Amino acid sequence: MNKKIGFFAFAVVFVFFFLSAVYLHPFGEPSETDMDDYFIDNGQNETGANNVVTSIVFDYRGYDTLGEATVLFTAVAGVAVAFRRLKK
Amino acid sequence: MRGMSKIVRTITNILYSFIIIFGFYIIMHGHLTPGGGFQGGAVVASAFALLVVSYGALKIKDMLKAKNFSVSECSGLLAFIGLGFLGIGTVFFYNFLAGKGGLFGNVIYGINPGDLNTAGVLPLMNIAVGIEVLSGLTLIILYMFNANNPKEEK
């Protein structure tokens, strides 16, 4: 029984990976480049930063970075709770 | 938790200040070179981790206090959120200092050698996030090291 389930799961995963390999997008030919071109052309003028990655992370997507910082804060709070000292 | 041998402690004495300086360099130049607040904060936190590992949590207790790092972590996150709210006259997280000629307001164009005084609020946000990340990662290390410490950590 276990062997049959294992074979079935293997076949399903194999079919998924095989199809994705067959239908792989041709390398070096991105389909939609409007947003990349906008960032590369206007990032330096709009934010004044040489580093386009920083201008995206902290300016265009600052809200996402706020979430990341909050995730780190929550992780620290979780560690503080897990390693707290119980009153005897 | 005991510290490590004298060789490790000597190398740590030589190296940790340079690691901290390198981390703050990455934080300060986040808008010019690869890196930023998260990466530089992790580098500085690795220097503190080196100190804790080589000297042991008992000896380093007076130098690295968990309470101070907790305060600086919270203030870093609050500074980041506050910088986001300062631009709310236009939109949340608006870059209101860029290109105005004041603080971090120099205008650059095209290929340039890199001016530190540019990019508006991005360097300030990098500093805020860097302080938060370095204190947060150091706090995790300190909490885990103090967990099997028999004496009360205040």
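The following refers to the structure shown. (Residues numbered from 1 in each chain as written. Chains lettered and ligands numbered in written order. Predicted model: local features only at pLDDT ≥ 70, side-chain atom pairs only at ≥ 80, totals over all residues. Heavy atoms only, no water.)

Here we look at the overall build of chain A
Condition: Only DSSP runs of H or I reaching four residues or more are called helices, and only runs of E reaching two or more are called strands; each is numbered from the N terminus. Only C-alpha atoms enter the radius of gyration; for comparison, a globular chain is expected to reach 2.2 Å times N to the power 0.38, where N is the number of residues. In this scheme, a residue with accessible area under 20% of its type's maximum is buried, one over 50% is exposed, and one in between is partly exposed, where area comes from a 1.4 Å probe on protein chains only. Here the open area of atoms and residues is found with the Shrake-Rupley method and a 1.4 Å probe, where only the protein chains shown may cover a residue. Positive residues here are Lys and Arg, negative ones are Asp and Glu, while His and the chain termini are left out of the count. By convention, charge coordinates are those of NZ in Lys, CZ in Arg, CG in Asp, or CD in Glu.
On a plain count of helices and strands, chain A comes out with four helices and zero strands. Reading the secondary structure of chain A in the N-to-C direction produces α-α-α-α. Computed over C-alpha atoms, the radius of gyration of chain A comes to 23 Å, more than 25% over the 12 Å expected from 2.2 N^0.38 for 88 residues, which places it beyond the range of a compact globule. Expressed along its principal axes, the backbone C-alpha trace of chain A runs to roughly 65 × 60 × 15 Å. Buried positions account for 20% of the 88 residues belonging to chain A. For chain A, the exposed area adds up to about 7000 Å²; of that, 68% sits on carbon and sulfur atoms. Computed over 7 positive and 10 negative side-chain charges, the inter-centroid distance for chain A is 38 Å.

Digging into the interface of chain A and chain B
It is common to give the size of an interface as the accessible area that goes away when the parts come together. What counts, and what does not: Residues are treated as being in contact if the distance between any of their heavy atoms lies within 4.5 Å. Accessible-area loss on putting two parts together, using a 1.4 Å probe and summing over both, is the definition of buried area adopted here. Counting of polar contacts relies on pairs of N or O atoms within 3.5 Å, with two restrictions inside protein: one atom must be capable of donating a hydrogen and the other of accepting it, and residues adjacent in sequence are counted only when both atoms are side-chain atoms. Polar here means any residue outside two lists: the nonpolar Ala, Val, Leu, Ile, Met, Phe, Trp, Tyr, Cys and Pro, and the charged Asp, Glu, Lys and Arg; Gly therefore counts as polar.
On the chain B side, the residues contacting the 26 residues of chain A number 42 residues. Summed over both sides, the interface of chain A with chain B buries roughly 2700 Å², with 67% coming from carbon and sulfur. At the junction of chain A and chain B, the tally comes to five residue pairs in polar contact (both at pLDDT 80 or more). No other element matches the twelve residues that helix 4 (residues 62-82) of chain A contributes to the side of chain A that touches chain B. When the residues that make up the side of chain A that touches chain B are grouped by side-chain class, the tally is eleven nonpolar, eleven polar and four charged.

What about the packing of helix 1 (residues 6-28) of chain B against helix 4 (residues 122-147) of chain B?
Residue and element names in this part refer to chain B. To be explicit about the condition: Each axis is a line fitted through C-alpha atoms, and for a helix only the stretch in contact is used; angles between axes span 0 to 180 degrees, taken between their N-to-C directions.
With their axes 9 Å apart at the nearest point, helix 1 and helix 4 run at an angle of 145° to one another. Between helix 1 and helix 4, the residues in contact are Phe24, Ile27 and Met28 and Asn126, Ile127, Gly130 and Leu134, respectively. Looking at side-chain class alone, the contact of helix 1 with helix 4 contains five nonpolar, two polar and no charged residues.

Remarks on the nonpolar core
This is how it is decided: Residues belong to a common nonpolar core when they are buried Ala, Val, Leu, Ile, Met, Phe, Trp, Tyr or Cys residues joined through side-chain atoms within 4.5 Å.
In this structure, B:Phe48, B:Val52, B:Ile60, B:Leu64, B:Phe69 and B:Leu142 are the most contacted members of the largest nonpolar core, which totals 18 residues. Looking at this core, the elements that each hand over two or more residues are helix 4 of chain A together with helix 2 (37-55), helix 3 (66-86) and helix 4 of chain B. Of the residues forming this core, the biggest block, six residues, is contributed by helix 2 of chain B. Those residues in contact with B:Leu142 that sit more than four places away from it in its chain are B:Val52, B:Leu64, B:Lys65, B:Ala66 and B:Phe69.

Some remarks on the environment of A:Gly62
Note on placement: A:Gly62 falls in helix 4. The spatial distance from the C-alpha of A:Gly62 to the C-alpha of A:Thr74 is 18 Å, given a sequence separation of twelve residues. Discounting residues that sit within four places of it in the chain, A:Gly62 has contacts with A:Ile56, A:Val57, B:Phe80 and B:Phe93.

Quick word on the packing of aromatic side chains
For clarity, the threshold we go by: Each pair of aromatic rings taken from Phe, Tyr and Trp, with Trp reduced to its six-membered ring, is defined by centres within 6.5 Å and is described as stacked if the planes are under 30 degrees apart, edge-to-face if over 60, and tilted in the remaining cases.
All chains considered together, the criterion is met by eleven aromatic pairs over all chains. Plain terms: the ring middles of A:Tyr38 and A:Phe39 are 6.3 Å apart, the flat faces sit at 65° to each other, and that makes the pair edge-to-face. Their ring planes at 50° and their centres at 5.5 Å tell us that B:Phe80 and B:Phe93 sit as a pair that is tilted. Separated by 13 residues along the polypeptide, B:Phe80 in helix 3 and B:Phe93 in the loop between helix 3 and helix 4 bring together distant segments of the chain. Like B:Phe93, B:Phe80 is buried. A connected cluster of aromatic rings, assembled from ring pairs, spans A:Phe58, A:Tyr63, B:Phe80, B:Phe85, B:Phe92 and B:Phe93.

Some details on the environment of B:Ser72
All names here are of chain B. Position of serine 72 relative to the elements: it lies in helix 3. Sequence separation between serine 72 and serine 135 is 63 residues; the distance between their C-alpha atoms is 6.5 Å. Excluding residues within four positions of it along the chain, serine 72 makes contact with Ile131 and Ser135. Polar side-chain contacts of serine 72 include one of 2.9 Å to the side chain of serine 135.

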